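Structure assessment
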Amino acid sequence: MPLHFNTPIIDEFRTNAGKLGGPFEGWVLLLLTTTGARSGEPHTTPLGFVEDGDRILVVGSAGGSDRHPDWYRNLLVNPTVTVETGSDTWQATAVAATGAERDALFAKVVAEAPGYADYQRRTDRTIPVVALHRIPEDTYTPPDRLDALADELVTIHNWLRDELTALREGIGARTATGAPDLTVELRRHCLTFCSAMAVHHGGEDAGLFPYLAREFPEKAETFDRLRTEHGTVARILDELQHLLSRLDETRPADLHAEFDRLHGELVEHFAYEESQIIPLLRGLAP
């Protein structure tokens, strides 16, 4: 739903403890607040939902659009979200279902809200289903959700790897004349990726790593290395954005060199982080 359409719904929802009137009278919605993948700013979206035990399912239908909704892309970068249901506000870990689990959950949603099947028929993309796991107050991530968080970390890294591959191919592209294709669209794509990386690493430094460091004090050197690597990546991202801000003056060789540095650092960083962090999350899960 467009932002101007969402605003009065959000205002009415918060004024009337989740009850809506007019064309939405009788609808049961929630408000999902995600952190912008590019901006780092909060974004609130009204969504329908289906309860599934102690979790809530939301669907990235976007009305059957061929493009994933922004809120879905946001939570792939930062899976900690805020949920408002009626007068209750709580934090959750958002986990995008994949494979057979996604298909089973989508079937469950369609059984309760058949309109989602119509949306899926309108698009070739696989409409995502996201499970919202409530985070108890005064904790970062509850132990019974850490296994899901491990899955989500891999999902985020895979998404970032795909974006990195697409960028590498874009930077290597040529125009019809054989010149490097350093376009405004490429700059936009690069800046989006840089912002997404900054938000993802910022969330780890502020939440996940301190939590795990308290649980595993013997792993202090691991977290020191990861934070150092975050700093290295941040410096490369800053330089890359500086070059992109002067696209007309930037030499293709300089952009290629900086991007190759970024690619090398991130490939190694993701592999190391997954080798160290995933076992810790799996080990804490019951």
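Residues numbered from 1 in each chain as written. Predicted model: local features only at pLDDT ≥ 70, side-chain atom pairs only at ≥ 80, totals over all residues. Heavy atoms only, no water.

1. Re the side chain of Arg125
Residue placement: Arg125 occurs in the loop between helix 4 (115-121) and strand 7 (129-134). Comment: no salt bridge for buried Arg125; closest opposite-charge side chain is Asp66, at 5.8 Å. When sequence neighbours within four positions are dropped, the list of residues in contact with Arg125 reads Gly60, Ser61, Ala62, Ser65, Asp66, Arg67, His68, Pro69 and Gln120. (Helix = DSSP H or I, 4+ residues; strand = E, 2+ residues; numbered from the N terminus. Buried < 20%, exposed > 50% of the residue type's maximum accessible area, 1.4 Å probe, protein only. Lys, Arg positive; Asp, Glu negative; His and termini not counted. Salt bridge = Lys/Arg side-chain N within 4 Å of Asp/Glu carboxyl O. Contact = heavy atoms within 4.5 Å.)

2. Points about the confidence of the model for the protein chain
A residue-level look at the protein chain finds 79% of positions with pLDDT of 70 or above and a mean pLDDT of 79. A low-confidence stretch, residues 140-144 (pLDDT under 50), is modelled with 19 contacts involving residues beyond four sequence positions or located in other chains. Low pLDDT, under 50, characterises residues 174-180; the stretch is placed with 8 contacts to residues that sit more than four places away or in other chains. (pLDDT = per-residue confidence, 0-100.)

3. Quick notes on the sheet that holds strand 2 (residues 42-48)
Across the sheet, 7 strands lie side by side as 2-1-5-6-7-4-3; this open sheet has antiparallel pairing. Here the strands that pair on one side only, and so sit at the sheet edges, are strand 2 and strand 3 (50-52). The average undirected angle you get between the axes of adjacent strands in this sheet is 35°. Of the pairings in the sheet, the one linking strand 1 (residues 29-35) to strand 5 (residues 80-85) comprises 3 bridges and is antiparallel in character. Looking at strand 5, one finds that Leu31 is bridged to Glu84. The sheet strands contacting helix 2 (residues 70-77) are strand 1, strand 2, strand 4 (55-59), strand 5, strand 6 (88-96) and strand 7, and the helix crosses strand 1 at an angle near 50°. Those strands touched by helix 3 (residues 99-112) are strand 3, strand 4 and strand 7, and its axis lies near 85° from that of strand 4. (Pairing = 2+ DSSP bridges. Axes fitted to C-alpha atoms, helices over the stretch in contact; angles between N-to-C directions.)

4. Thoughts on the side chain of His201
For His201, the location among the structural elements is in helix 6 (residues 184-215). Among the polar contacts made by the side chain of His201, one reaches the side chain of His230 at a distance of 3.5 Å. Beyond its immediate sequence surroundings of up to four residues, His201 is in contact with His230, Val233, Leu266 and His269. (Polar contact = N/O pair within 3.5 Å; in protein donor to acceptor, adjacent residues only side chain to side chain.)

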